[in-house]
Amino acid sequence: MTVSYDIEDLYQKLPKRREDSHKGTYGKVLVIAGSRNMCGAAYLSAKAAYRTGAGLVYIYTEECNRVILQQLLPEAVLYTYEEDTWEPEAMLRLLADKDAVIIGPGFGRSLLKKRMLEIVLEYPQTARILDADALNLLAETPKLWEQKKGELIITPHLKEMERISESSVKEIAADMEKSAKEFSGKYQVITVLKNARTIVSDGKNCYRNTSGNHGMATGGSGDVLSGVIGALLAQGMTLFEAAKLGVYIHGLAGDAARDARGAYSVMASDIVDYILRGIS
C-alpha cells in the first residue's frame, strides 16, 4: 500500500509539546558528521534537528571543525576527536544515552570512519540514520552490512542507491517504490529513497512524498533531512513514522523557503529556517 500526507497529517502526527516539559523531554540527538572542509554538513544536520524540536543536539566531529561549529551553532554540545588519538570507548560513551544518532553527512571515508560506522551498525539500542558517506562506505565494503544489528534508516539519493544496490540509476528511477521496498526487505531497513518525489518504504508499505520543489535541489538539503528525521526519532516516533513525517516536513520547509525567496535562490540553510515555522 502507498500513502501520502497532507497538512492535517502533520498536525495529527507531530509529537506533542507539553507545558510541564524540559529539554530532556524532547530527546537527545547525536550527529556524527563533518570532516576537514566539510563542517557545514554537521551544522545543517544539527541545526535542523533543533528546529524540529529536539531537546539536545550533540555533534561528534573532527577537532579541526571545533571553532567554526561553536560559532555557527553554540546551542549544540560539541565533542571532537583527532584521527591519530581516537578511541572507540569515547564514541561508545557518547552513544550510551542518546535517543537518535545520525552518521554520515560530510563524514569522509577513511579507515577510521569505517570503524566508527561499524560501531554504529552494531549499536541497536539507539535509533539510527545512515546518510551520505555512511552509505558510500557501505557501497565500498558491502560486508559491513553483516555488522548491522536491528533496524535502521538509510537516506540514499538515486546515485547512492545505485552504489549500495545491484541496480542502475535508470532502473531505480523507473520504479522507485519497487526499488525501495525490495531493498528494505532484503536488509531490514527503512529506505528513504530521495528524488523529486521521495519514496519511503519499510519493505511492505510505501509512502510517496508530495511536498517539496526543485529549489531544494541544492547542496546540503539531504543533511537537513537527516536532522529532521533524527529529531522526530528522539521525540519517540518509530523509524517508519519518523521517516515519512520527516520527509514531509522537509518538503514543506522547502516550499516555504521557495515562496519567500524564489526557487532559484533557495539554499539548504533557508530550508532549515523554515522548518515548522509557525507551528505551535
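See the structure shown above.
The shown structure was predicted, so the numbers you read here are calculated from the model rather than taken from an experiment.

(A) Structural view of the packing of helix H4 (residues 88-95) against helix H5 (residues 111-121). Remark: H4 packs on H5, axes separated minimally by 11 Å, with the N-to-C direction vectors making an angle of 40°. Viewed along their axes, H4 and H5 form a crossing whose handedness is right-handed. Between H4, through Pro-88, Met-91, Leu-92 and Leu-95, and H5, the contact on the second element is made entirely by Met-116, Ile-119 and Val-120.

(B) Representation of the pattern of salt bridges within the structure. Going through the model one piece at a time under the given rule, you end up with 16 salt bridges. The partner of Asp-20 in a salt bridge is Arg-18, and the shortest N-O contact between them spans 3.2 Å. Among the residues examined, Arg-18 registers a relative accessible area of 47% and is labelled partly exposed. The salt bridge partner of Lys-113 is Glu-62, with a shortest N-O separation of 2.8 Å. Here the residue Lys-113 occupies a position in helix H5, and Glu-62 occupies one in strand S3 (residues 56-62), the gap between them amounting to 51 residues. Judged by relative accessible area, Lys-113 falls into the buried class, the value being 1%. Exposure remark for Glu-62: the relative accessible area of 10% places this residue in the buried category. One network of salt bridges, in which partners are shared, links Lys-13, Glu-241 and Lys-244.

(C) View of the layout of surface pockets. By volume, the largest pocket is sized at about 620 Å³. Around the largest pocket sit 32 residues that line it, and Lys-194, Met-216, Ser-221, Gly-222 and His-250 are the ones nearest its centre. Among the secondary structure elements, those contributing two or more residues to the lining of the largest pocket are helix H7 (158-164), helix H10 (221-234) and helix H11 (239-261). The element contributing the most residues to the lining of the largest pocket is H10, with 4 residues. Looking at the lining of the largest pocket residue by residue, the classes come out as 10 nonpolar, 16 polar and 6 charged. For the second largest pocket, the calculated volume is near 360 Å³. Lining of the second largest pocket is provided by 19 residues; of these, Ile-164, Ser-165, Glu-166, Ser-167 and Phe-183 occupy positions nearest its centre.

(D) Structural view of the nonpolar core. Residues Ile-153, Val-224, Leu-233 and Ile-249 are the most contacted members of the largest nonpolar core, which totals 55 residues. It is H11 that provides the largest number of residues to this core, a total of 10 residues. Apart from residues lying up to four places away in sequence, Ile-153 is in contact with Arg-128, Ile-129, Leu-130, Ile-190, Val-192, Ile-229, Leu-233, Leu-239 and Ala-243. Of all hydrophobic cores here, the second largest spans 41 residues; its members include Met-116, Leu-135, Ile-164 and Tyr-187.

(E) Quick peek at the packing of aromatic side chains. Under the definition given, this model contains 7 aromatic pairs. Judged by centre distance (6.3 Å) and plane angle (90°), the rings of Tyr-5 and Tyr-248 are edge-to-face. A residue pair is termed long-range when its members are at least 10 positions apart, and Tyr-5 in the loop between strand S1 (2-3) and helix H1 (7-13) and Tyr-248 in helix H11 qualify at 243 residues. On the basis of relative accessibility, which here comes to 5%, the residue Tyr-248 falls in the buried class. Here the aromatic rings of Trp-145 and Phe-183 are separated by 5.8 Å at their centres, their planes lie at 65°, and the arrangement is edge-to-face. You can see Trp-145 sitting in the loop between helix H6 (133-140) and strand S7 (153-154) and its partner Phe-183 sitting in helix H9 (residues 176-187), a full 38 residues away along the chain.

(F) View of unusual backbone geometry. Positive phi outside glycine occurs at Asn-37, with the angle close to 70°. Along the chain, Asn-37 falls in the loop between strand S2 (28-32) and helix H2 (39-51). In the Ramachandran plot, Gln-188 falls in the positive-phi region, its phi being about 55° despite a non-glycine side chain. Mapped onto the elements of the fold, Gln-188 is located in the loop between H9 and strand S8 (190-193).

The rules behind these values
- The numbering scheme is per chain: residues are counted from 1 as the chain's sequence reads.
- In keeping with the model being predicted, local features are shown solely for residues with a pLDDT of at least 70 and side-chain atom pairs are shown and tallied solely at 80 or more, while totals for entire chains, interfaces and linings include all residues.
- Derived side-chain values reflect all non-hydrogen atoms in the structure, with water molecules and hydrogen atoms excluded from consideration.
- Each axis is a line fitted through C-alpha atoms, and for a helix only the stretch in contact is used; angles between axes span 0 to 180 degrees, taken between their N-to-C directions.
- Strands here mean DSSP runs of E at least two residues long; helices mean DSSP runs of H or I at least four residues long; both are numbered from the N terminus.
- In this scheme the crossing of two helices becomes right-handed for a clockwise turn of the near helix relative to the far one and left-handed for an anticlockwise turn of less than a right angle.
- Throughout, a residue-residue contact means that at least one pair of heavy atoms, one from each residue, lies within 4.5 Å.
- By definition, a salt bridge exists where a carboxyl oxygen of Asp or Glu is found within 4 Å of a side-chain nitrogen of Lys or Arg.
- In this scheme, a residue with accessible area under 20% of its type's maximum is buried, one over 50% is exposed, and one in between is partly exposed, where area comes from a 1.4 Å probe on protein chains only.
- Using a grid of 1 Å spacing that covers the protein atoms alone, one calls a set of points a cavity when a 1.4 Å probe fits there but cannot get out, and a pocket when the set is open and has protein on both sides within 12 Å along at least five of seven lines; lining residues are those with an atom within 4 Å of a point.
- Grid points are joined across faces, edges and corners, and a volume is the space filled by probe spheres set on the points.
- Only Asp, Glu, Lys and Arg are considered charged in this grouping, and only Ala, Val, Leu, Ile, Met, Phe, Trp, Tyr, Cys and Pro are considered nonpolar; every other residue, Gly among them, is considered polar.
- For our purposes a nonpolar core is just a set of buried Ala, Val, Leu, Ile, Met, Phe, Trp, Tyr and Cys residues, chained together by side-chain atoms within 4.5 Å.
- Ring pairs are drawn from Phe, Tyr and Trp, using the six-membered ring of Trp, whenever the two centres fall within 6.5 Å, and their geometry is named by plane angle: stacked under 30 degrees, edge-to-face over 60, tilted for the rest.

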